[in-house]
There are 2 protein chains.
Amino acid sequence: MDSSSGKLESSDKLLLAALHLIAEKGYNGVTTQEIATAAGLSEKTLFRHFGSKQKLLEAAFDRYHYAAEMKKLFAEKLVWDLEKDLLLVTTTYHEIMNRNRKMIQISLKEDEGQLPGFRERTQKHPQQLLEILTNYFIDMSSKGKIVTANPELHAFTFIMMHFGAFMNDLDSHKSYPGITLEPFVQESVRLFARALRP
Amino acid sequence: MDSSSGKLESSDKLLLAALHLIAEKGYNGVTTQEIATAAGLSEKTLFRHFGSKQKLLEAAFDRYHYAAEMKKLFAEKLVWDLEKDLLLVTTTYHEIMNRNRKMIQISLKEDEGQLPGFRERTQKHPQQLLEILTNYFIDMSSKGKIVTANPELHAFTFIMMHFGAFMNDLDSHKSYPGITLEPFVQESVRLFARALRP
DNA sequence: AGTATGTCAGTCAGTACTGACAGTCTATTT
DNA sequence: AAATAGACTGTCAGTACTGACTGACATACT
């Protein structure tokens, strides 16, 4: 077990393969056979490690779900300059969403029931972010730096903008060829800053 | 076959049941047995009508996919008042997305391959809308009524906002309790109008 | 008579999961 | 150096169940 080498352990190979395939084809759309083969292992090994297909999925979710506290990420980084702060929020948001990309794809495809408690966890970040951003807007307006109305709705609107963009990018849906994330982020922040200008 | 009565024909009952169940649990998550029972019919009848589960899904998609040309919807309704027009665009957008709600849920859950050409059709509206809105912004800025920069990115940003909100509402994910669509639509339009003010 | 449906029994393929046995590799002991 | 033990994996054959799909026959309604 050389855990410091580049080689992955068998169980990790299986978890990753499961994550990829289930995100792509859905839980019922993939066979244990497929997963094992994709991991370069035998089906038997899969069952020896995880006991069942369900437990494999759960283990994969546990292992690779990224769930840091957002509050800490922002607590000391905000500089109370609207555009700069929104940019920080946005890039952090997309970073976290991308880290959890596979998990999000899976919980979109599967209905609750199959995935006990999965949805809760994928919803943790969005809710935290809404709180943080709402409070930020409240503070900013009390400093007189932005308009002072509907901070929660404004935060929600801002988040939906980027949630939409993320979802659009997911699966490479490519509904909108020629538009990439980078310029969108820039311009959307600039627009939003204009909108909130007192 | 009294097609004018309130009673649905058997094939329609099956199509609707299939649409509901597949949207909820995914194609592989539902059995033909379940669908037939939900429609109040026997499994045999399902196969007599559609021959196979695949063809049932395709028929459901064909029958209930709403695909009007957006251009016609707007051609005569725009009044060249930014807020009013954006409100029209938004409500029309949400109306069409909601009409196709089930179809969108299905094409999200299933990967291409299972659904030949489905994605294309669910992407038709968004693309049309981007064109229309982009052209609208170009015209508006040449009339001097809004800022004159990045019309396509602005249109994209606006659409992503509402796409995000729609996706968030889909499946009643309810990531954000206490926030409803109506006030969001109002406020987001107002915000956007402020942002584009020259 | 003709059409739509239900019932029932059954076929066939796929799939999660198991048990028995054997091979390989590593570390430790002799 | 050789032998041994233990952990991990592969192969293979097989079980049990599910689920799409069929055929034969009966029933009801028009």
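Residues numbered from 1 in each chain as written. Chains lettered and ligands numbered in written order. Predicted model: local features only at pLDDT ≥ 70, side-chain atom pairs only at ≥ 80, totals over all residues. Heavy atoms only, no water.

1. Details of the overall build of chain A
- A count of helices and strands for chain A gives ten helices and zero strands.
- Listed by position from the N terminus, the elements making up chain A come as α-α-α-α-α-α-α-α-α-α.
- With the C-alpha coordinates of chain A rotated into their principal frame, the extents come out at 65 × 35 × 35 Å.
- The proportion of buried residues among the 198 residues of chain A is 49%.
- The contacts in chain A between residues at least 6 apart in sequence include a share of 70% that link residues at least 24 apart.
- Within chain A, the 25 negative side-chain charges are centred at a point lying 2 Å from the centre of the 25 positive side-chain charges. (Helix = DSSP H or I, 4+ residues; strand = E, 2+ residues; numbered from the N terminus. Buried < 20%, exposed > 50% of the residue type's maximum accessible area, 1.4 Å probe, protein only. Contact = heavy atoms within 4.5 Å. Lys, Arg positive; Asp, Glu negative; His and termini not counted. Charge placed at Lys NZ, Arg CZ, Asp CG, Glu CD.)

2. Section: the interface of chain A and chain B
- With 44 residues of chain A at the interface, the matching set in chain B holds 44 residues.
- Buried surface at the junction of chain A and chain B, both sides included, amounts to about 4,000 Å², of which 64% is carbon and sulfur.
- The largest share of the area that chain A buries against chain B comes from A:Y176, A:I179 and A:L191, three residues that together contribute 15% of it.
- Linking chain A to chain B there are zero salt bridges.
- One can count ten residue pairs in polar contact (both at pLDDT 80 or more) joining chain A with chain B.
- Elements supplying a minimum of two residues to the side of chain A that touches chain B: α1 (10–25), α7 (101–109), α8 (118–142), α9 (151–169) and α10 (181–196) of chain A.
- No other element matches the 13 residues that α9(A) contributes to the side of chain A that touches chain B.
- Among the residues forming the side of chain A that touches chain B, the class breakdown is 22 nonpolar, twelve polar and ten charged. (Buried area = accessible area lost by both parts, 1.4 Å probe. Salt bridge = Lys/Arg side-chain N within 4 Å of Asp/Glu carboxyl O. Polar contact = N/O pair within 3.5 Å; in protein donor to acceptor, adjacent residues only side chain to side chain. Nonpolar A, V, L, I, M, F, W, Y, C, P; charged D, E, K, R; others polar.)

3. Topic: the UniProt feature "DNA-binding region" (unreviewed entry) in chain A
- With numbering aligned to this structure, UniProt lists the feature "DNA-binding region" (unreviewed entry) at residues 31–50 of chain A.
- Span residues 31–50 of chain A is 75% helix and 0% strand, its end C-alpha atoms 14 Å apart. (UniProt positions renumbered as here; feature names shortened; annotations may be inferred.)

4. Let's talk about the nonpolar core
- In terms of nonpolar packing, the biggest core is built from 84 residues, with A:L82, A:L133, A:F137, B:L82, B:L133 and B:F137 touching the most fellow members.
- Residue contacts for A:F137: discarding those within four places in its chain leaves A:L82, A:L86, A:I146, A:P151, A:H154, A:A155, A:F192 and A:L196. (Core = buried A, V, L, I, M, F, W, Y, C linked by side-chain atoms within 4.5 Å.)

5. Structural notes on the environment of A:A23
All names here are of chain A.
- Mapped onto the elements of the fold, A23 is located in helix α1.
- Judged by its relative accessible area of 1%, A23 is buried.
- Considered as a pair, A23 and R101 are 78 residues apart in the sequence and their alpha carbons are 8.9 Å apart.
- Setting aside chain neighbours within four positions, we find A23 in contact with A18, K102, Q105, I106 and K109.

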